[in-house]
Structures are given as C-alpha cells and as structure tokens.
Amino acid sequence: MGEVLRGPVLERPQCSFYTFGPRGLVFPECPVEALTSRAPKGGRECPEGGGDQRTEKASEERSGALFVEQYGTMLSGCSLIWTGALLLGLQALLTQASEFQHHGYEEMVRALFAVQSECPYIARVYSIGRSVEARHLYVLEFSDNPGVHEALEPEFKYVGNMHGNEVLGRELLIYLSKFLCEEYRSGNERITRLIHDTRIHILPSMNPDGYEVAARQGPEFNGYLVGRGNAKDIDLNRNFPDLNALMYYYERHNGQNHHLPLPDNWELQVEPETLAVIKWMDNYNFVLSANLHGGAVVANYPFDKSREPRIRGRTTYSTAPDDKIFRKLAKTYSYAHSWMHKGWNCGDYFDEGITNGASWYSLSKGMQDFNYLHTNCFEITLELSCDKFPPATALANEWLANREALVSYMEQVHHGIKGMVYDENNNPISNADISVAGINHDMTSGPDGDYFRLLLPGTYTVTASAQGYQPFTSTVTVGPAEAVQLHFYLKLQPKVSNLHTKAHPNKKGHSTAKVPPTNLGPR
C-alpha cells in the first residue's frame with residue numbers, strides 16, 4: 001500500500017529543528033553523527049561546519065548519557081527540550097518494537113486525545129456512555145467534518161476489546177488511529193481520500209473494566225476467561241436482545257425482514273456497555289462494521305445463531321440473506337491479512353480464513369447478528385490472534401500483519417449503491433424502505449434521506465417505498481469500483497374515500513404477521 005509505519009505520536013517541543021519520520025524523530029538537515037557534535041544554533045541550523053564536520057570526540061561519545069553529561073550545562077530553554085527529543089528519537093530509531101506497548105485505561109485515553117490534538121481538523125473524541133465501573137466508552141471519529149453526518153457519506157465503525165481479555169483488537173485500533181492521523185498529515189492520498197469520503201468511528205475498548213482485570217494478571221498468567229466479562233462478569237457478546245429467534249419466526253410467517261423491534265423493557269435486561277452500544281447504533285446510520293476479538297485467527301460472518309436445534313457434536317451453516325456479500329467482506333480482510341487466508345491457524349483450519357458463525361458454533365444474543373437485524377449495518381467478527389493477551393513483543397508484528405487488512409476492509413463501505421430518497425418537492429424522505437429483488441433484507445433511508453446498500457457487482461432491481469407514497473422501481477448495474485448513485489423521487493399516494501380504504505400495512509410496508517409468544521427467546 002505504500003504507507004510508512006510510524007511510531008507513537010510524541011509531544012513536540014517548541015523548537016522545530018526535528019521532524020517526524022517512519023519510526024519516530026528524524027533530523028533531515030544533518031546526519032546523526034553531526035548532531036552529536038554540538039547542539040544546534042537557532043533551531044533549524046546545522047552545527048557549525050554542516051553535516052560533514054565530525055569530531056573524534058563526537059564519534060567516541062555517542063551514548064545519550066555522555067552527551068547530556070558533557071553538553072547539558074550548555075543547554076537551556078529550547079535547546080534543552082531539543083536534547084530530550086533527540087534522545088527519544090535516537091532510542092526510537094534503535095528499537096521499533098519498543099514503540100508497541102499495551103495501553104491501560106488511562107494510557108488509552110491519553111493516546112486517543114493525543115490523536116485528536118495532533119489532527120484536530122479530522123479527529124474528534126466522544127463518549128457513548130460508561131461501563132459498570134464508570135469508565136468512559138470513548139470513540140475516536142475521523143472525518144473531514146468531524147461531528148457532522150454529510151449526506152451520501154457512509155458511516156463505518158470498528159469495535160475492539162468486547163471481551164476484556166482479548167486485547168489485540170484494542171491495541172490495533174489505537175495504532176490505527178495514530179496511523180490515520182500521521183498518514184493524513186503526510187499527504188497519503190489513499191488515507192486522505194478515505195477520511196474525506198467516510199465517517200470513521202473507532203471504539204478501542206467496549207469493555208474497559210474487563211481489560212483491567214485481565215491486565216492485572218498480564219500476558220504470562222492470563223487465564224482463558226479471566227477478564228472476559230465486564231465488572232459483573234457478564235459476557236457482553238451474549239447480552240444483546242435475541243433478534244435471531246424473532247427473525248427465524250418471521251421467515252416462516254412472511255414477517256418483517258429488517259429493523260426488527262426490540263422487546264419490551266430491553267434496557268433493563270442488558271448491561272451498561274451493551275446499552276451504550278445499542279443507543280450508539282440507533283443514533284448513527286452505520287453501514288459497515290467489524291468487531292475485533294481474539295483466541296483464533298478467522299473472519300466470522302452471520303448468522304452466528306443456528307436455525308436448527310443444537311445437537312451435540314454437529315453444527316449447521318446459518319445463511320443470511322446477504323450471505324454472498326458477507327463472504328466477500330470476510331475474504332477482503334482474510335486475504336489482506338498476512339496469514340489469515342492460509343487457513344491453518346491456532347490448530348484449526350478454516351477454508352480461506354473465513355467461517356459462517358453458526359457453522360463454527362452456534363451463538364445466541366451476539367452483537368454481530370444484532371447489527372444486521374436491528375440496523376442498516378453489516379458487521380463481521382474478526383478473530384485476530386491465537387493468544388488472547390499476546391505479549392508486547394508480539395504487537396509490532398501483529399500490527400504489520402493487520403494494517404493493510406484494516407484499511408482495505410474500511411474501503412468496502414464504498415461498494416454497492418447509494419442515493420437519496422426525495423418527495424416531489426425535493427424534500428428528503430427518512431425511513432424509506434430500499435428493497436432489492438432476490439435479497440430478503442431491506443435497508444432504510446436515514447434522517448437526511450440518504451441510503452446505502454452494499455452489493456456485489458451485477459444488475460439489480462431496486463424499489464424504494466415509504467408510507468403515504470407510491471413505490472418506485474429502478475434497475476441498476478453495479479460495478480466493482482465505487483458505489484453507484486441511484487436516487488428516488490416518490491409521489492404521494494392518491495387520496496381515496498374512507499369507504500374504499502383498506503387496512504394499512506405496518507410502518508415497514510410488510511403485512512402484519514402474528515407476533516410470536518413473549519417467552520420465545522434463546523435456548
């Protein structure tokens with residue numbers, strides 16, 4: 001991809017003699033050997049005699065300790081700050097691996113706000129709620145207009161550390177945040193285009209309380225389940241309302257196929273972290289997402305929950321209406337990853353590095369399926385490491401293995417079709433249904449009237465409909481590149497007398513099906 005891996009963002013001293021380079025601080029005006037001969041004069045100037053002047057003493061005394069001992073008394077103000085920055089830069093150049101460390105909660109928060117400070121015009125930190133122990137669930141947003149949804153600009157999210165002891169995703173998302181900021185500042189065209197055309201939301205830790213429990217044991221002694229749940233030891237990936245059971249019921253009774261309703265009093269049945277994420281989903285019209293886990297190396301896609309009763313030792317493939325696009329999304333990550341696509345990882349084999357969730361093992365009340373059934377968002381689950389809590393020494397290699405995949409997957413949000421739904425007066429229509437013939441899963445337009453529909457290349461028949469309006473159908477051909485824009489202009493339904501008025505369908509335009517018993521739920 002041509003990007004340069006950069007080190008952590010360092011606080012800049014007032015003097016501007018140095019610049020940031022691939023692994024930390026670099027000094028382009030002078031060789032390192034010349035810099036150790038004397039402190040620079042006037043900030044940007046090289047030592048007297050330029051970069052070619054080298055003294056025997058400078059060659060003998062390269063260590064930072066001797067440098068400070070001999071010249072520290074000469075330096076004050078900006079020069080003293082420069083000396084510290086120089087030593088940090090030299091250390092970063094000598095050992096790149098030391099830049100990759102685990103981040104506790106306070107360190108993670110500082111890292112996120114440091115990125116916001118470094119890239120204030122494209123980055124914004126906000127909180128979606130608090131954990132059981134009142135830690136903020138901070139999200140870092142990237143956009144050319146932070147804090148604002150722009151029509152026809154898709155919303156994307158990454159969620160990490162849902163299980164507190166599965167920490168690689170948390171660290172990768174922190175590194176990704178720094179990477180996006182640094183590459184944008186350096187003029188990387190690919191990253192600049194991605195940020196200008198996408199609103200990216202990064203939640204490094206959905207379970208900060210569980211992480212602190214796991215981190216206290218550390219990588220060497222962390223148990224398989226220690227810190228997995230939140231502060232109340234609840235598994236957050238078994239804590240979402242079970243919409244699969246409702247969906248499978250509706251499939252048999254020609255019921256609603258998208259934006260399934262939540263059960264009564266659902267807010268009292270979920271954990272604070274789950275509640276915060278569900279409200280986050282409701283407030284942002286996310287199009288694509290990935291949930292980062294650990295313990296295996298595979299890209300997992302819906303449905304997670306089997307349609308068939310559980311039989312010990314047997315699993316069944318649970319196909320989603322968008323199975324083909326989900327497989328494509330999973331392969332996008334798998335093949336961009338350094339070794340996921342090879343199949344053999346952690347003692348397991350997954351063909352092409354992907355798996356249907358239920359085919360692996362059935363899971364109820366998970367976040368992945370909930371995204372697809374309750375919102376417009378397509379989400380897959382990324383299992384990224386055999387070791388749930390890898391040592392810090394492994395983080396640099398893991399970042400290199402995942403960096404291209406993380407960027408490539410975000411770019412998938414720009415495929416398929418997108419457009420606006422208007423009335424006859426060019427007023428946007430929200431909550432309009434967008435249905436594609438042959439795919440039994442509809443999308444809805446957002447508050448601004450824009451919609452997004454991920455599709456594979458091909459020709460499709462697409463219909464837009466909204467309550468009180470006549471539906472309109474159009475045919476569109478989708479290519480392998482950017483999303484095709486397809487706008488709809490809906491006319492009002494003609495008025496009819498009350499004598500001829502028929503029963504009105506429900507708000508989603510589907511026939512009303514008998515509601516399943518209230519006790520229908522997870523097994």
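Residues numbered from 1 in each chain as written. Predicted model: local features only at pLDDT ≥ 70, side-chain atom pairs only at ≥ 80, totals over all residues. Heavy atoms only, no water.

## Considerations on the nonpolar core
We apply this condition: Throughout, nonpolar core names a set of buried Ala, Val, Leu, Ile, Met, Phe, Trp, Tyr and Cys residues whose side chains join them through atoms within 4.5 Å. The buried label applies to any residue whose accessible area, calculated with a 1.4 Å probe on protein chains only, is under 20% of its type's maximum; exposed applies above 50%, and partly exposed to all values in between. How far each domain reaches was decided by an automatic or database domain assignment.
Core analysis: the largest hydrophobic core is formed by 114 residues, its most contacted members being Phe-142, Tyr-158, Leu-176 and Trp-280. Inspection of this core shows a minimum of three residues originating in each of domain 1 (101–414) and domain 2 (416–492).

## Focus: the state of the cysteines
For clarity, the threshold we go by: Cysteine sulfur atoms are paired as a disulfide whenever they come within 2.5 Å of each other. Strands here are runs of E lasting at least two residues and helices are runs of H or I lasting at least four, both read from the DSSP assignment and numbered beginning at the N terminus.
For the structure shown, the criterion picks out two disulfides. The disulfide partner of Cys-119 is Cys-181, and the gap between their sulfur atoms is 2.0 Å. Residues Cys-119 and Cys-181 share a disulfide whose torsion about the S-S bond is about 85°; that sign makes it right-handed. Here the residue Cys-119 occupies a position in the loop between helix 5 (105–118) and strand 3 (123–130), and Cys-181 occupies one in helix 6 (residues 168–186), the gap between them amounting to 62 residues. Residue classification places Cys-119 among the buried positions, given a relative accessible area of 4%. Each sulfur in the disulfide pair Cys-346 and Cys-386 lies 2.0 Å from the other.

## Description of the packing of helix 10 (residues 272–283) against helix 13 (residues 367–374)
Convention followed: Helix axes use the C-alpha atoms of the stretch in contact, all axes being lines fitted to C-alpha atoms, and the angles between their N-to-C directions lie in the range 0 to 180 degrees. Oblique is the label for every angle not falling under 35 degrees (roughly parallel), over 145 degrees (roughly antiparallel), or within 65 to 115 degrees (roughly perpendicular). If you view the pair so one helix is near and one far, a crossing is left-handed when the near helix is turned anticlockwise from the far one by less than a right angle, and right-handed when it is turned clockwise. Any two residues whose heavy atoms approach within 4.5 Å at even a single point are treated as in contact. Note that Gly is not counted as nonpolar here; it falls among the polar residues with everything else outside the nonpolar set of Ala, Val, Leu, Ile, Met, Phe, Trp, Tyr, Cys and Pro and the charged set of Asp, Glu, Lys and Arg.
Helix 13 packs onto helix 10 with a crossing angle of 30° between their chain directions and a minimal axis gap of 11 Å. Judged on the interaxial angle alone, helix 13 and helix 10 are roughly parallel. The crossing of helix 10 and helix 13 is right-handed. Where helix 10 abuts helix 13, its residues Val-277, Ile-278, Met-281 and Asp-282 lie against Met-367, Phe-370, Asn-371 and His-374. Taken together, the residues of the contact of helix 10 with helix 13 sort by class into five nonpolar, two polar and one charged.

## Points about the pattern of salt bridges
Here is the rule: When a carboxyl oxygen of Asp or Glu lies within 4 Å of a side-chain nitrogen of Lys or Arg, that pair is called a salt bridge.
Scanning the model with the defined rule gives 18 salt bridges in all. With a shortest N-O distance of 2.2 Å, Arg-185 and Glu-118 are connected by a salt bridge. Within this pair, whereas Arg-185 is found in helix 6, its partner Glu-118 is found in helix 5, the two being separated by 67 residues in sequence. For Arg-185, a relative accessible area of 44% gives the class partly exposed. Arg-199 is the partner of Glu-155 in a salt bridge, and the nearest nitrogen-oxygen pair spans 3.1 Å. Pair noted here: Glu-155 is in strand 5 (residues 155–160) and Arg-199 is in strand 6 (residues 199–203), with a separation of 44 residues, a long-range link.

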